[in-house]
Number of protein chains: 2
Amino acid sequence: MIILDTRLKTPLYLQIYEQMKNRVISGRIPYNSRLPSIRALSETLGVSKNTVTYAYRQLCAEGYVTNRERSGFYAQKLEYPQDRGITGDPKEDGAGSSGQADSPGFSGCRYDFHYGSINPLDFPLNTWRKLSNKIISPAHLNKMVSYPDSSGEPELRTAILRYLNISRGVNCRPGQVVLCSGTQQCLNLVCRLLKPDSTAPASVAMEDPGYDGARVVFENNSLNIIPVPVEKGGIRIRDLENSPARLVYITPSRQFPTGEIMPIRRRLKLLEWAARTKAVIIEDDYDSEFRYTGNPIPAIQSIDTKGQVIYMGTFSRSLSPALRMSYMVIPTPLLASFRQIFQRYNTVVPWMEQKLVETFIKEGHWEKHLRRIRLANKKRHDTLIASIHSTMADKVRIIGKNAGLHILLEIDNGFSEEELISSVRRKGVAVGPVSRYWIDRERCKIPMVLIGYSGMDSAEIEAGVMRLKKAWF
Amino acid sequence: MIILDTRLKTPLYLQIYEQMKNRVISGRIPYNSRLPSIRALSETLGVSKNTVTYAYRQLCAEGYVTNRERSGFYAQKLEYPQDRGITGDPKEDGAGSSGQADSPGFSGCRYDFHYGSINPLDFPLNTWRKLSNKIISPAHLNKMVSYPDSSGEPELRTAILRYLNISRGVNCRPGQVVLCSGTQQCLNLVCRLLKPDSTAPASVAMEDPGYDGARVVFENNSLNIIPVPVEKGGIRIRDLENSPARLVYITPSRQFPTGEIMPIRRRLKLLEWAARTKAVIIEDDYDSEFRYTGNPIPAIQSIDTKGQVIYMGTFSRSLSPALRMSYMVIPTPLLASFRQIFQRYNTVVPWMEQKLVETFIKEGHWEKHLRRIRLANKKRHDTLIASIHSTMADKVRIIGKNAGLHILLEIDNGFSEEELISSVRRKGVAVGPVSRYWIDRERCKIPMVLIGYSGMDSAEIEAGVMRLKKAWF
């Protein structure tokens, strides 16, 4: 009999999915034998048929069971990995990584510690379908055939603003919020906005190491990039002050990739520097939704009194990157010229996506969803840290835990970064390189790998870490 | 009794909508009296309840009827325009223009001849909802939480390619198709792609008059714009040859705004020029779907043997601008550097929109839809031309008929462009300016207005033209 622990915050269909998956993998439901019917299971568990159906469909999609016309769901034959007998973990065949099958860094590995992945079961599929049904209706026909507001529909911008104000302390008027299709697009607009009239290329200071996706946009806009070292507490202000830069791109809530959190004193220093040099700060708050201990530090934008911060956020980590939706807050002093430059531009975000997210937020699903995935990712984070401790605590150093969706792992076994990655790859595990995030690669001395966990479940994380240890030590 | 002419290509709910609207407006269904129940009407007409429901909902949305809980639909009190008695057109209160309520150039006028509007009833709402229901399903969960392909999902790019090949003669491999969120976004990428390494600003030749939305993108990319006069047959090649430009942006299928169609000989001359000077041609095929007489001339891309044409198209005119979806075809010689420059960029088009359009095309809805709206717009076009002829043939000159979604009207009554626009505005009619499309405004001598018709129905067009005549003569 399947037992649901309703105290768990995880949705019921996820619990059904997990437990049925284990029964198939462990052979408790043998190959070719029938699973309980949807009706029967929904009655025994007292859950809706849909809940069971989704769990079963997901198991089908992942190849654990097969659906036979008018007959039901049957366990599939599973190909176990060669070394299964050794670890003996019945969950080792976890298929969570299939969720990343289409993300850019997809590795084809069974255990994919790829950064920024989203576990498919974290996506609010039912709500999404319900809302889109409500939205695609004659009542919205006019909107469905018209150009949306060039900065994004006012209702959505207001909804985003309210959320940012409560969760990040960001204060601004709806007119300052600009909807965009990803952080790179936001940065593209900012590059044009701040472009000097002279043909001499301007400079932008960047954290080193830092987000390479931003770097390539700056390069494509012929900005001269000034790398500034990252130390404990984030970007080294002293070096910034000694640089000619009048524009800086930073990730203070959780420096990417090191995970350093910039303390309030340094944030104030940064604002002082900006005020003194009339500089602009681009604050990329890319994964501020995920902080597992203590309270999040408010955004720099929230303590900026002179309008020198351009704040950026995205729905890619918290909802889905397939939405291609991000936003930025333009400070009042830059608003007039922003409007002047882009007044003839159309928005890049489709109306339907805008309306979906707006309704998702307004009807309270967003808050619930955030609580749910924050909890799910905290669980994954804790599992990852615990298994690393229990398997190789003395041999590795964990960098940037307690927040976000990834950690850095410093491995002191004489391997190079390439060797660290290729050795685990042979064991069916994908981890990310870190050196690519350095501008001045000389600074990247100790070999490290990047480990994301948001796409996997706990069992997969444990099995994956076990394999890391085997490959490295 | 309501009679449906099923020979009409218009969908049933549109016919029901139109006829019920007329009955309410004409008073055949008096204020406050009940419309036939949905069940009753669907039975009498032998159409589904949904069909009737949509028609009724649309009437509600537009304020002709009101829906009373558990009682039915009732005719609303209508505010007739002051001069209604004069024209006596029962349809004068038509609400088609409400479809433009949110498009950038919305005028607030009852008769909105705004360019590029789409009549809400032209949008395939039911199909759209059906498809999105099919798409938002567990089977697609992985895709729904992943980054789409950076140039657009391969299946969609292949579908677009097939269509372009059949309808426009465009020949290329799927890898050359790049999905984008509007022509301006396409042009942004092209500007970066063709940017010279030197800091000296490059030049781009543009048709004068030409599309101002493209001009502003070129300006924002610090390109030096060279205006080239438009004559019969399109851009004046001689002037182009005498210019330093090695890049030209043109709309040969239907020059915007003049509607000139570039004959094949001139197209070949243009390609010769490009070959001789190693120049690049940007071919914007923005409304090629709409040609009402004769066969469309194949795209320049289709006769380009040296890979010097960057072809662009959009779904904004044919499906909806709310989709924010466009595409371009990168010629082979530029493909390598395009990939190199943008390899780290994520796509700007959400996965769901991509999947919707892909399925819409693959299941054959796209072809049907095109036939339907082409017919609808031809009808609107013919009505417009006919009413202009019958009301003021001797006093005006029509420029650029028989294709597209707009015409230019040259009015010789001594009014300035401003006077032409403001005088009709006072009569509740919106027409667009033309002078703004000129770079060298000196060339824009004779006062003209731009008249789009794709957002209105025939009755509104007739009533609107009647008012134009009254205002001008």
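Above this note sits the structure.
Numbering of residues starts from 1 in each chain and follows the order in which that chain's sequence is written. To label them, take the chains in the order written and letter them from A, then take the ligands in the order written and number them from 1. Predicted model: local features are reported for residues with pLDDT of at least 70 only, side-chain atom pairs are reported and counted for 80 or more only, and whole-chain, interface and lining totals are derived from all residues. In computing side-chain properties, one takes all heavy atoms of the structure into account and sets aside hydrogens as well as water.

Participant: Explanation requested: the overall build of chain A in the structure shown.
Facilitator: Segments assigned H or I by DSSP are reported as helices when at least four residues long, segments assigned E as strands when at least two residues long, and all are numbered from the N terminus. Along its length, chain A carries 16 helices and 16 strands. Within the span of chain A, comprising 473 residues, buried residues form 62% of the whole. The contact definition used throughout considers only heavy atoms, calling two residues in contact when any of these lie within 4.5 Å. Considering only residue pairs separated by 6 or more positions, chain A has 71% of its internal contacts joining residues 24 or more positions apart. Each accessible area is a Shrake-Rupley estimate made with a 1.4 Å probe; only the visible protein chains count as cover when residues are assessed. A total accessible area of about 18400 Å² is found for chain A, and carbon and sulfur atoms account for 51% of it. Buried means the residue's accessible area, taken with a 1.4 Å probe over protein chains only, is under 20% of the maximum for its type, while exposed means over 50%, and partly exposed covers the values in between.

Participant: Teacher, can you tell me more about helix α11 (residues 264-277) of chain B here?
Facilitator: Each α-helix winds once per 3.6 residues, and so residues spaced three or four apart point in a common direction. Residue and element names in this part refer to chain B. Here the expected length of a helix is defined as 1.5 Å per residue gap, with one fewer gap than residues. With 14 residues, α11 extends 20 Å from end C-alpha to end C-alpha; this agrees with the ideal 20 Å at 1.5 Å per step. For α11, every residue scored as buried is listed here: R266, R267, L270, L271, W273 and A274. The buried residues of α11 all sit within an arc of 155° when viewed along its axis, so they share a single face. Away from its buried face, by an angle of more than 90 degrees, α11 presents the exposed residues R265 and R276. In the core, the buried residues of α11 are packed alongside β6 (224-231), β7 (234-235), α10 (237-241), β8 (247-250), β9 (280-284) and β10 (309-314). Immediately downstream of α11, the backbone of K278 shows phi near 55°, a positive value. Directions drawn from the helix axis to the C-beta atoms are what define this arc.

Participant: Help me out: how do you make sense of the relation of the copies chain A and chain B in this one?
Facilitator: Here the second copy of the chain follows from the first by a rotation about an axis and a shift along it. With an RMSD of 0.3 Å, chain A superimposes on chain B once it is rotated by 180° and translated 0.1 Å along the axis. Such values leave the two copies arranged in the relation of a two-fold axis. Here 100% of the interface residues in chain A have copies in chain B that are interface residues too; the copies meet face to matching face. Superposing the copies works by least squares over the C-alpha atoms of residues that have pLDDT at least 70 in both of them.

Participant: Looking at this structure, how should I read the pattern of salt bridges?
Facilitator: It is possible for side chains bearing opposite charge to pair when their charged atoms get close. Each reported salt bridge corresponds to a side-chain nitrogen of Lys or Arg within 4 Å of a carboxyl oxygen of Asp or Glu. Scanning the entire structure with this criterion turns up 40 salt bridges over all chains. The salt bridge involving K134 of chain B is made with E363 of chain B; its shortest N-O contact spans 2.4 Å. Of this pair, K134 of chain B sits in helix α5 (residues 125-135) while E363 of chain B is found in the loop between α13 (351-362) and α14 (365-392), placing the two residues 229 residues apart along the sequence. The salt bridge partner of R236 of chain B is D239 of chain B, with a shortest N-O separation of 3.2 Å. You can call D239 of chain B partly exposed: its relative accessible area is 25%. In the salt-bridge network here, residues are joined through shared partners; they are E231, R236, D239 and R266 of chain A.

Participant: Would you mind going over the sheet that holds strand β5 (residues 203-208) of chain A with me for this structure?
Facilitator: Residues and elements named next belong to chain A. Here, any two strands with at least 2 DSSP bridges between them count as paired. One open sheet holds the eight strands; their spatial order is β4-β11-β10-β9-β8-β5-β6-β7, and the pairing between them is mixed. Looking along the sheet, the strands with just one partner apiece sit at the ends: β4 (177-180) and β7 (234-235). The strands that helix α9 (residues 212-220) touches are β5, β6 (224-231), β8 (247-250) and β9 (280-284); relative to β5, the one it contacts most, it runs at about 160°. Here an axis means a line fitted to C-alpha atoms, over the contact stretch when the element is a helix, while the angle between two N-to-C directions is reported on a 0 to 180 degree scale.

Participant: I would appreciate a short explanation of the packing of aromatic side chains in the present structure.
Facilitator: The geometry of an aromatic ring pair is captured by two quantities: the separation of the ring centres and the angle between the planes. Only Phe, Tyr and Trp rings take part, Trp by its six-membered ring, and two of them pair if their centres are within 6.5 Å. Stacked means planes under 30 degrees apart, edge-to-face means over 60, and tilted covers everything else. Taken as a whole and judged by the stated rule, the model has 26 aromatic pairs over all chains. Taking the centre distance of 4.8 Å and the plane angle of 55° together, the rings of F338 of chain A and F342 of chain A count as tilted. One end of the pair, F338 of chain A, and the other, F342 of chain A, are both in helix α12 (residues 332-342), four residues apart, so they sit about a helical turn from each other. In terms of burial, F338 of chain A and F342 of chain A fall into one category: buried. With a centroid separation of 4.9 Å and 65° between ring planes, the pair formed by Y56 of chain B and F73 of chain B is classed as edge-to-face. Placement of the pair is Y56 of chain B in helix α3 (residues 49-61) and F73 of chain B in strand β2 (residues 72-75), with a sequence separation of 17 residues. In this pair, the class of Y56 of chain B matches that of F73 of chain B, namely buried.

Participant: What is the right way to look at a positive patch on the surface in this model?
Facilitator: Together, R426, K427, K469 and K470 of chain A make up a positively charged patch on the protein surface. With respect to the helices, strands and loops of the structure, K469 of chain A is situated in helix α16 (residues 458-472). Each patch is built from residues lacking any salt bridge and having more than 30% relative accessible area; the joining distance is 9 Å for like charges and 5 Å for nonpolar side chains (Val, Leu, Ile, Met, Phe, Trp, Tyr). Only four residue types enter the charge count, namely Lys and Arg as positive and Asp and Glu as negative; His and the chain termini do not. Charge coordinates come from a single atom per side chain, which is NZ of Lys, CZ of Arg, CG of Asp or CD of Glu.

Participant: Got a minute to help me understand helix α15 (residues 417-425) of chain B in this structure?
Facilitator: All names here are of chain B. Among all positions in α15, only E417, L420, I421, S423 and V424 are buried. When α15 is viewed along its axis, its buried side chains cluster within an angular range of 165° and face the same direction. Of the surrounding elements, those touching the buried residues of α15 are β13 (406-411), β14 (429-430), β15 (432-433), β16 (448-452) and α16 (458-472).

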